[in-house]
Structures are given as C-alpha cells and as structure tokens.
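Next come the chains, spelled out residue by residue.
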Amino acid sequence: MSNAPIDKLKEWSKQGHRNVLGDSLVMLAAERPEMCTVTADLTPTARLTGFRDTYPDRFFDVGIAEQNMIDFTAGLAVEGVLPYAVGLAAIVPMRPAEQMRVTLGYMNLNAKVVCIEAGVRFGPLGNTHYAMDDIAVVRAIPNFTVISPSDPLQIYKTIFAIADHDGPVYVRLTGGPGFPVMYPEDFDFQIGKAIEYKEGSDVAFISTGSMLGAAVEAANTLEGKGISTRVVDMHTIKPIDTDMLDKVFAENKLVVTVEEHTPIGGLGAAVAEYKTGFENTPKQVMASLGDKFQKLGDYAFLLKENGLTAAGLANLAEANF
Amino acid sequence: MGNNNTVEFIQEKCAVMRRDVIEMGYIAGGRGAHFGPALSSIEIMASLFFNIMNHDPKNPTMPDRDRFVQSKGHACLSYYSALIESGYIAKDQKSTFKQDESILSGHPSRNIEHGIEISSGSLGNGFAVACGMAKAAKIKKENHKVYCLVGDGECNEGIIWEAAMNGAKNKLDNLVAIVDRNGVQLAGKTSDIMDVDLVALWKAAGWEVLVLEDGNDLPSILEALEKMKNSKSGKPHAIIANTTKGKGISFMEGSINWHARVMNKEQYEQAILELESN
C-alpha cells in the first residue's frame, strides 16, 4: 500500500466520503493494473470523473442498470480482472441483491461492491434514497465480507485492503462533508479486526461507520459523569471480530451498538446473534435508525431524531446503565 | 464446416446425448427434470462442443479456451450430456444427477475442472455474466470467444436487455448468444405469456442477428455459428434458433407438460424405444 496520505485528511474530511473514494480508487489503480471500476451512471456523484479520465480503458459505465452492473462485474471477476462496482447504497445492495447472491456470493468471486451515501445522509431526497437495510441484505449472503469504515483514512485503507482480500466484499460509506477525522496518524487496519478506540470498563459503545465520532464524544460525556466507557470501532461487520466481543462481554456492564441502519440485521443484530450463545453477558441496547421509514429532514435532523448524536448516545447509555 | 462427415459425427453425438438426457432425467425420479428445454437445445450444444468451440477436456483451464455459459441453466441436462460425451465428466456420474452431494445439480454450479465456467439458472444472470466475461477477454487482449445459450422465455427478464445494450456498447464481437426459441416456457406458450418480436428486440439492442428457421437442423446451426464466429460486423452476435421443445421424443415435442416433470417407467421405456428406433 502507498504511504498513508495524511496530508489529504483535512481536505477529505471537509469533502466527505465520496471524494475519499474517488481519490483512493485512482491511487489504487496506479498500483494494481488488473483493477477496474464499474458504475451505473454515477460518475460525477461518486467522484469517479478523475478515475474515468486517468484510466479510461479501465472504467466502465453500464448505464442506469444496477443489476447488470453486478453481473458485468461478476463476469470480469470470473476472468481474473479485479473489479470495483460503485453504486448508491440505497439502490445497489437491494435491487441487485439476487445478483449479488447468485453471482458474487455463490461463486465466491473476487469482486468489490462499494456504495456511497449509506444511512440517511441524503436527507431531503427522502426515503427512496436512504440505505437503512443494506447491511442486513448483504450480511445474509454467504462468502460476503461487509465493511463500514469510520473516517477518511480508514476508507482509504479499506479500498486498498479489499484489493488483497480474495472474495466478494461490500463496503458501505457513511458520513457527509465535514465528517470527523478519527485517525489523524497512520494506523494498523486489518479486515475483521476491530479497533479499540478507547478503553473503559462500564459502558462499551460498539460503533460502525462514521458514527464513531459521536460515540467517542458520548464516551467523553459519560466519563465526565464517572462512567468508564470503552469505544470499539467495529469497521468490519462480517466477519465480526468475536475476540473483541469476548473481551467486551467479559469486561463491560452495558453494550451500546451504534449504527446508521435498522436494528434488524445490522451491526446490533450481529452482536446480539453472537451474544445469544453465552450466559451472563451484559445487557445490550441498540442505537439505530429504528424499524421504520423516516420523516423528511436533513441529515443532522434525522440523526438527532433517531438519537444518533453524542447527546442521544450518552442519554441512551446512561438510562440503561 | 458442415460437411457430411462432420454432420454425421455430430448427429451421432446428438443421439447419445438425447439418451443421456432421458437416462439422467429418469434417474432423478420424483425430483423431476427439465426434459423439454434440454432436448430442444441438443443440436446447439453438440455443435458447440464437438465442432465450433476451441476447448480441451483434458485441460479445462486452458487460458485460450472458448467459454460456454448456459444461461438457461434449467436445461442443464443438455449441458451435462455434452460435458459427459466430450470427457469433462465421467460417464458413471450420470447416475448422480440431482442426488445428494452430486456435482450435477438441477442448475449448473461453477466447476471449472468439469467444464462448468459459471453457476447459472437464475434466469438472465448467466447471459449478463457472459457479457462481463467477453469484456474481460477484450481487456486482457485474449482472442477466445464466449458462447451463451439463452432461453426465449428467459428473454422476459429485464437484465437480458440491460446486458444486451451494454454488450453492444462494448462492441463484444467475441460473444455469440444463441436463443433457443422453443416457444414454450414454464407456464405456457411464450406467445401467450409475453408475445414479443425477439429479432427486433435484439437488433434494437445493437446486435447482429441471424434467424435459424430450424434450430434442430445441424447443417444450419453449424453454418450459423461459423458465420457469427467469423463475422466482422464488430457487433455482438445473436442467433435466434427456432427449435422444437422436447425434440426427439414424440410425446414431449411442443408439449407444455414436458417443460419440467417426473418421468415414469412407461414413459422412460417409450422414450428409449423411440431413440433406439431412430
């Protein structure tokens, strides 16, 4: 992998995950000649213009046809090309779910599906453009790895790491322009290995995606009230890091899972599924988007409405501790 | 191609393959089998595997092999019979069709060692993946062809047209789709369920289209495949082959009832008798 582009983090944080993706793909392509990008008429939105102009022979736009994007990607992967399919999280894992199951999953193909704007960041565009169930859909497909990076540098590292991971991977990108830099320095990123962002023995926040910032802020609030709080960055949701979960279950008194997703089938569900096999584990509560379609509102409104803010998380933890 | 010796040789293969289809379908017992769509495509499959395609059953991963994708995966018996008779799959595997832990599932499951390039059977997807495979050959500057068997009922699927348009856009002249137009799909005649002008649709999607009046006639098929294989049109190629569902077994020919069903002993014996008397 290239040296971590620390000098870009401030700019990437300001721009949001789309730019991190677009820039990272160009950087990856320079190192991996077999890699290509496939999209379904999303070039400017997903910040793929630079990739298209730099590597026109390795850039394929299938038109507005997400199902075909996945199957075309599968065909490329069958023949040893390393394709990254880029789509909208609200559309891609759900509309071509069957393609992802029978081609990428069933044949265990070395193909990557990276989706932008997961969760409710699309605010005013409404519920058709919210991705609240994508983790659930992909997590149910055998062979798939599911990753939700937490900050700009982790997105960059994910894009590179999945190139070296043999098999289908789904990456959901969350957080809009202004999402916080959680890793200002280079750090060790391994697929399937959660990061203990902060130690603590009472409450444990287990967050995924750009919720990490709010979780850390909430943890600091709780610490101010004498509640020792651990924060785990569970960037890989499948396979989930059971070693980290074992540690949390053994050492913490309350588990709060934090995700921009329905409580059905996402990170919270994955933690609960593992936890159900053990006796004497701590109580778990899920901070999520709930099992509902959302009111119309901008991103900040929707996060607040669902308690996915530092204050909301601190209150939820305190009420259940 | 298509001289008398060639045709005679493939004709003999077709006869053996039809018998394989009936035997394997009968072995499936109560699990049933898709007889009709397998039998309609025998001549197409035999032409590909015993004449048109560059491949080597002793070297199934040969990089420059032509690829075959059976997108209408429910017709797997014609595929398996071609793989058995060309040597990818041992003859004694026939008895395992649809049995526990067999490699011969009711729809093809990727198994390159045995000549199965991709998993298929979820209609439309095999063809769309084949387009990606053809594009990969272009990217890698490889000269092999990709052949794909598509069903006429399968052309109801939207992804067929998403992929067809993209295939034309990418000038996949290394891809030949053969539409097995047997006129019958699961619940009835294709003309009753979705009556469309397939020739016009494939042309509108940007493909070079050739219509075969009799897709069970070997010289015609060989000629069509040769023509498409050597075409300089720069477009992907579609052969719309008008075939007979259940071809070769009198009580199955053109029958809606034999798209997929369980075969009893009397039917099996009659089918074998008909094949032997031909």
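Above this text you will find the structure in question.
Let me begin by describing the structure that accompanies this report. (Residues numbered from 1 in each chain as written. Chains lettered and ligands numbered in written order. Predicted model: local features only at pLDDT ≥ 70, side-chain atom pairs only at ≥ 80, totals over all residues. Heavy atoms only, no water.)

**Focus: the overall build of chain B**
Heads up, the rule is: Runs of E in the DSSP output that reach at least two residues are strands. Runs of H or I that reach at least four are helices, and both are numbered from the N terminus. Radius of gyration means the value over C-alpha atoms here, while the globule rule gives 2.2 Å times the residue count to the 0.38 power. The classification of residues rests on relative accessible area computed with a 1.4 Å probe and restricted to protein chains. Under 20% of the type maximum is buried, over 50% is exposed, and intermediate values are partly exposed. Here a residue-residue contact requires only that any non-hydrogen atoms of the pair lie within 4.5 Å.
Per the secondary structure count, chain B includes 10 helices and seven strands. Taken over C-alpha atoms, the radius of gyration comes to 17 Å for chain B, in line with the 19 Å a tight globule of 278 residues would show. Counting only C-alpha atoms, chain B reaches 50 × 45 × 40 Å along its principal axes. Split into buried and exposed, the 278 residues of chain B put 61% on the buried side. For chain B, the share of sequence-separated contacts (at least 6 apart) that also reach a separation of at least 24 residues comes to 77%.

**Section: the interface of chain B and chain A**
Inclusion rule: Each of two parts loses accessible area, computed with a 1.4 Å probe, when they are put together; buried area is these two losses added. Salt bridges are identified by distance alone: a Lys or Arg side-chain nitrogen within 4 Å of an Asp or Glu carboxyl oxygen. Counting of polar contacts relies on pairs of N or O atoms within 3.5 Å, with two restrictions inside protein: one atom must be capable of donating a hydrogen and the other of accepting it, and residues adjacent in sequence are counted only when both atoms are side-chain atoms. All residues other than Ala, Val, Leu, Ile, Met, Phe, Trp, Tyr, Cys, Pro, Asp, Glu, Lys and Arg, Gly among them, are scored as polar; the first ten of these are nonpolar and the last four charged.
Every contact between the two is made by 22 residues of chain B and, on the other side, 23 residues of chain A. Together, the buried faces of chain B and chain A total about 1900 Å²; carbon and sulfur atoms form 57% of this surface. It is B:R110, B:E162 and B:N166 that lose the most area in chain B upon contact with chain A, and together they represent 24% of the buried surface on that side. Between the two partners, chain B and chain A, sit one salt bridge. Put simply, A:E79 and B:R67 hold a salt bridge, and the shortest N to O gap is 2.7 Å. For the pair chain B and chain A, the number of links is eight residue pairs in polar contact (both at pLDDT 80 or more). At the level of secondary structure, the elements contributing two or more residues to the side of chain B that touches chain A comprise α5 (125-139) and α6 (158-169) of chain B. Among the elements that line the side of chain B that touches chain A, the one with the most residues is α5(B), at nine residues. When its residues are assigned to classes, the side of chain B that touches chain A shows nine nonpolar, seven polar and six charged.

**Regarding the pairing of strand β1 (residues 35-39) of chain A**
All names here are of chain A. We apply this condition: When DSSP locates at least two bridges between a pair of strands, those strands are taken to pair.
Among the five residues of β1, five are classified as buried, and the element is accordingly described as predominantly covered. Side chains M35, T37 and T39 of β1 all project onto a buried face; the interleaved residues C36 and V38 project onto the opposite face, where all are buried too. As judged from the five bridges shared by β1 and strand β3 (residues 82-88), these two strands associate in the parallel manner. Across the sheet, the residue bridging to T39 is V86, located in β3. Relative to strand β2 (residues 59-61), β1 is paired through three bridges, and the arrangement is parallel. Residue pairing across strands places T37 opposite F59, the latter belonging to β2.

**A closer look at the sheet that holds strand β5 (residues 145-147) of chain A**
Residue and element names in this part refer to chain A. We count it as follows: In this analysis, axes come from line fits to C-alpha atoms, helices being fitted only over the stretch in contact, and the angle between any two N-to-C directions falls in the range 0 to 180 degrees.
Sheet architecture is open: seven strands sit in the order β2-β1-β3-β4-β6-β5-β10, paired in mixed fashion. The outermost strands of the open sheet, each flanked by one partner alone, are β2 and β10 (236-238). Averaged over all adjacent pairs, the angle separating strand axes in this sheet is 20 degrees, with direction ignored.

**So, the packing of aromatic side chains**
Residue and element names in this part refer to chain B. As a reminder of what qualifies: Aromatic pairs are defined between Phe, Tyr and Trp rings, using the six-membered ring for Trp, whenever the two ring centres lie within 6.5 Å; interplanar angles under 30 degrees are classed as stacked, those over 60 as edge-to-face, and all others as tilted.
One pass over the structure, following the stated rule, counts 21 aromatic pairs over all chains. Note on F127 and W202: the rings are 5.5 Å apart at their centroids and 80 degrees apart in plane angle, and the pair reads as edge-to-face. Of this pair, F127 sits in helix α5 while W202 sits in helix α8 (residues 198-204), and the two are 75 residues apart along the sequence. Take F127 and W202: they sit in the same class, and that class is buried.

**Considerations on the pattern of salt bridges**
The final tally for this structure, using the stated rule, is 30 salt bridges over all chains. Between A:K225 and A:E318 there is a salt bridge, and its shortest N-O distance comes to 3.0 Å. With A:K225 in the loop between α8 (212-224) and β9 (229-233) and A:E318 in helix α12 (residues 310-320), the pair connects residues that are 93 residues apart, well separated along the chain. When salt bridges with common partners are traced through the structure, they connect B:R19, B:D20, B:E23, B:K94 and B:E276 into a single cluster.

**Looking at the side chain of A:S148**
With respect to the helices, strands and loops of the structure, A:S148 is situated in the loop between β5 and α7 (152-161). When neighbours within four sequence positions are excluded, A:S148 is seen to be in contact with A:Q154, A:R172, A:T174, A:T208, A:G209, A:H235 and A:I237.

**As for the packing of α5(B) against α6(B)**
All names here are of chain B. Stated formally: Working rule for angles: under 35 degrees goes down as roughly parallel, over 145 as roughly antiparallel, 65 to 115 as roughly perpendicular, anything else as oblique. Whether a crossing is left-handed or right-handed is set by the direction in which the near helix is turned from the far one by less than a right angle, anticlockwise for left-handed and clockwise for right-handed.
Running from amino to carboxyl end, α5 crosses α6 at an angle of 15 degrees, the nearest separation of the two axes being 8 Å. By the criterion of interaxial angle, the relationship of α5 to α6 is roughly parallel. Where α5 crosses over α6, the handedness of that crossing is left-handed. Contacts between α5 and α6 involve N125, F127, A128 and C131 on the former and, on the latter, I159, I160, A163 and A164. The class makeup of the residues in the contact of α5 with α6 is seven nonpolar, one polar and no charged.

Coordinates in, geometry out; function isn't part of it.
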